[in-house]
Amino acid sequence: VSITFDFAGHSYIASDSKRISQMDWQRKANLLAGTSCQSGQSCYKDGLGPFARFRSITDIAVDAKGHLYIADGGNHRIRKLTRKDERCLKEGATRSCYSGSPSTSGKGSCKSGTQSCKNGYWTLCQGEVLPVQETCDGKDEDCDGVIDSPIASPPRCKKQLGVCQNSRQTCTNGKWQLCSLSSYRKHNSKYSTSEICDVLDNNCDGQIDEGVLNCVRTLAGDGRCYSRQQRLYYCYKDGPGLQAQFYYISAMIRDKQGNLYIADRSARIRMLDTKGNVSTLAGTGVRGYKDGPAAQAQFNYPSALAFDGLGNLYIADSGNYRIRKLSLLTKQVTTIAGSGVSGHKDGAALQAQFSSIAGMALDTSGNLFVSEDGYYRIRKVDLNNKQVSVWVGASRAGTSDGRRTSAFFTRLSSMTMNTNGTLFVVDAGIGIRTVDPLGNVKTLVKDSLQFSGIVTDSIGNVYVTVNEGSGRSHIREYDRTGKFVRNIVESNQYAFVDGPLSQVKMYSPTALVLDAKGNIIFADSGNYRIRKITLR
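Counting restarts for each chain, with residues numbered from 1 along the sequence as it is written. Side-chain atom pairs in this predicted model are given and counted only at pLDDT of 80 or more, local residue features only at pLDDT of at least 70, and totals for whole chains, interfaces and linings cover all residues. Here the side-chain values reflect all heavy atoms present in the structure, with hydrogen atoms and water set aside.

Draft legend 1. Main features of the overall build of the protein chain. Along its length, the protein chain carries 1 helix and 41 strands. As defined in this context, the radius of gyration uses C-alpha atoms, and a globule is described by 2.2 Å times the residue total to the power 0.38. The C-alpha atoms of the protein chain give 37 Å as radius of gyration, which overshoots the globular expectation for 536 residues (24 Å, by more than 25%). On the principal axes, the C-alpha backbone points of the protein chain span a range of 125 × 45 × 40 Å. A fraction of 40% describes how many contacts in the protein chain between residues 6 or more apart in sequence connect residues 24 or more apart. Each helix is a run of H or I in the DSSP string that is no shorter than four residues. Each strand is a run of E no shorter than two, and both are numbered from the N terminus. Here, two residues are considered to be in contact whenever any of their heavy atoms come within 4.5 Å of each other.

Draft legend 2. Main features of the sheet that holds strand β9 (residues 113-118). Strands are treated as partners if at least two bridges between them are detected by DSSP. Read from one edge of the open sheet, 3 strands run β8-β9-β10, paired in antiparallel fashion. Either end of the sheet is taken by a strand with one partner, and the two such strands are β8 (94-97) and β10 (121-122). Note that β8 and β9 share 4 bridges and pair antiparallel. Note on β9: the bridge partner recorded for R95 is Q115.

Draft legend 3. Representation of unusual backbone geometry. The residue after S149, namely P150, is reached through a cis peptide bond having omega -10 degrees. When you line up the elements, P150 lands in the loop between β10 and β11 (170-172). In this structure, N214 takes a positive phi of about 55 degrees despite not being glycine. Summarising the element assignment, N214 is placed in the loop between α1 (181-187) and β13 (215-220). Of note, the phi angle at Y301 is positive, near 65 degrees, even though the residue is not glycine. Topologically, Y301 is positioned in the loop between β19 (292-293) and β20 (302-307). In this scheme, a residue with accessible area under 20% of its type's maximum is buried, one over 50% is exposed, and one in between is partly exposed, where area comes from a 1.4 Å probe on protein chains only. When its relative accessible area of 27% is taken as the criterion, Y301 is described as partly exposed.

Draft legend 4. Inspection of the side chain of H67 at higher detail. For H67, the position within the fold is in the loop between β5 (57-62) and β6 (68-72). Classification of H67 by relative accessible area gives buried; the value is 11%.

Draft legend 5. Here's a closer look at the sheet that holds strand β16 (residues 260-264). Across the sheet, 5 strands lie side by side as β14-β18-β17-β16-β15; this open sheet has antiparallel pairing. Among the strands making up the open sheet, the edge pair consists of β14 (239-240) and β15 (249-254). Across 5 bridges, β15 lies against β16 in antiparallel orientation. Note on β16: the bridge partner recorded for I249 is D264.

Draft legend 6. Main features of the nonpolar core. In this description, a nonpolar core means a group of buried Ala, Val, Leu, Ile, Met, Phe, Trp, Tyr and Cys residues linked to one another through side-chain atoms lying within 4.5 Å. Residues I323, F354, M360, L368, V370 and V381 are the most contacted members of the largest nonpolar core, which totals 17 residues. Of all the secondary-structure elements, those providing two or more residues to this core are β20, β21 (312-317), β23 (332-337), β25 (357-362) and β26 (367-372). Excluding its chain neighbours within four sequence positions, the residues that come into contact with L368 are A306, Y314, I323, I336, M360, A361, L362, R379, K380, V381 and L383. Of all hydrophobic cores here, the second largest spans 16 residues; its members include A251, A294, I315 and V333.

Draft legend 7. Spatial organisation of the pairing of β16. Counting buried positions over the 5 residues of β16 gives 5, a clear majority of the element. In β16, alternate side chains face the same way, and those of L260, I262 and D264 on one face and Y261 and A263 on the other are all buried. Counting the residues between successive antiparallel strands, the hairpin from β15 to β16 contains 5 residues, one of them, G258, with a positive phi of roughly 100 degrees. With 5 bridges connecting them, β16 and strand β17 (residues 268-272) associate as antiparallel partners. Bridged to L260 within β17 is L272. Where β16 folds back on β17, the antiparallel hairpin that results is connected by 3 residues, among which A267 adopts a positive phi of roughly 70 degrees.

Draft legend 8. Summary view of the environment of I3. Positionally, I3 belongs in strand β1 (residues 2-5). Among the residues examined, I3 registers a relative accessible area of 48% and is labelled partly exposed. Remark: the alpha-carbon pair of I3 and D63, spanning 60 residues in sequence, is separated by 14 Å. If we ignore the near neighbours within four places in the chain, the residues touching I3 are Y12, I13 and I60.

Draft legend 9. Structural detail: the state of the cysteines. Disulfides are defined as cysteine sulfur pairs within 2.5 Å. Inspection of every chain in the model, using the stated rule, returns 9 disulfides. With its sulfur 1.8 Å from that of its partner, C110 forms a disulfide with C143. Disulfide C110-C143: torsion about the S-S bond near 95 degrees, hence right-handed. In this pair, C110 is assigned in the loop between β8 and β9 and C143 in the loop between β10 and β11, connecting sequence segments 33 residues apart. For the pair formed by C110 and C143, the shared burial category is buried.

Draft legend 10. Highlighting the environment of S109. In this structure, S109 sits in the loop between β8 and β9. Expressed as a C-alpha distance, the spacing of S109 and K139, which sit 30 residues apart in the sequence, is 7.0 Å. The contact partners of S109, leaving out residues within four places of it in the chain, are V129, K139, D140, E141 and C143.

The following block contains the structure:
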């Protein structure tokens, strides 16, 4: 608290570091200068006393003419409040006074005060009411002729996400009104109680374009990827989905609860949970080979995933020529097959050899089927007997259908399995082949397109990602007979655009899965994002 006195005996007090008041003869404090600093406002403002702003008043002084000098320590300034003195002739005489703007005199709450002649000078105006910042109370406190307007920093509306960000309540009849549909629309014309496919959060629930048919939206990934130093990859960030970062997504698989497991070439296994958060389940980010606690395990190019529904995630660790298991219950990583040497040797699981594994699928009997990039056989890992053997495919490349080892493949890559136990596998140069539970191989789709990811729905429709080069990519649908249905999404340039199907742009779509409703979730690996196509 700072206090000083003028020649007429008036006292001036700075009591809260922001305001200066004068005490009248009835010991009533009259505000001379200073107002509070609202959030987002500068705490420095010159001008008419009651509207000036100070950051921290540390001392005040008055000169012989009644001018106040203010040490505004918070703003590192010395400031002056000027007093207009007038001499008077009749001791004790009074007159009306008003020190505010003439345009506000007599309006709203503003009123004139009284000056007295004392010791030959008119005293400061006593009892006047000057304009102050408006509040929601049914009064015109800033004396502009309008009640309750404008009000600085009204309370925020309940919804503050999406297009509702910074929306504010309105004051009606001296009371704050809860925000209504019209309030939100007045704030932003794009507000709607249901989503629109416009890459905005129209209903302000924190999600963009969710549930809108024939619309593509991003679930995770901010689209940024940085260079690497040595063996540490910096395209990596966990957290809320749209703030997460990925290096290159090579495989995805979904559990019954809706959690999405991700094989990331940053040498990590990650998860996008049902709340939209990305976390790391295993891997340090350093390429290598190490079993043990998940947080300390090392991988070298995880390329395919399978899930048994019992809390075990199977990982094709292609760069280590092994198949690993991550227990989500114990958070331990173990090797279940592969000696670490590249090859195609069958036999005991830990002595077997694999090359670059491109696809895996697990049946209900505990058999893990494996396709290897560029190889022409599908192999089976019996998880119960811990043995590796050839399931289908002859000893050389070819194109003929057939049963078990009488069938021929050219260059296998990714695969998936439907609920009946039938494998759907991409055979580059031929198209899409199926393998039923008895080992009968048939060509479902004959096409030389560069298929990448593959998934099938409950009625037998097949969805694939296609990358043709020169920026052209698409996601296409075939029916259960292998007949081409449509290109769901087409992109003719390397770019990123969400929104209506006809406007979407992609950059190297790879893995894809279906959600519980049959909507497509795909990895747009060149854009470092996971995206969703809502079809149902």
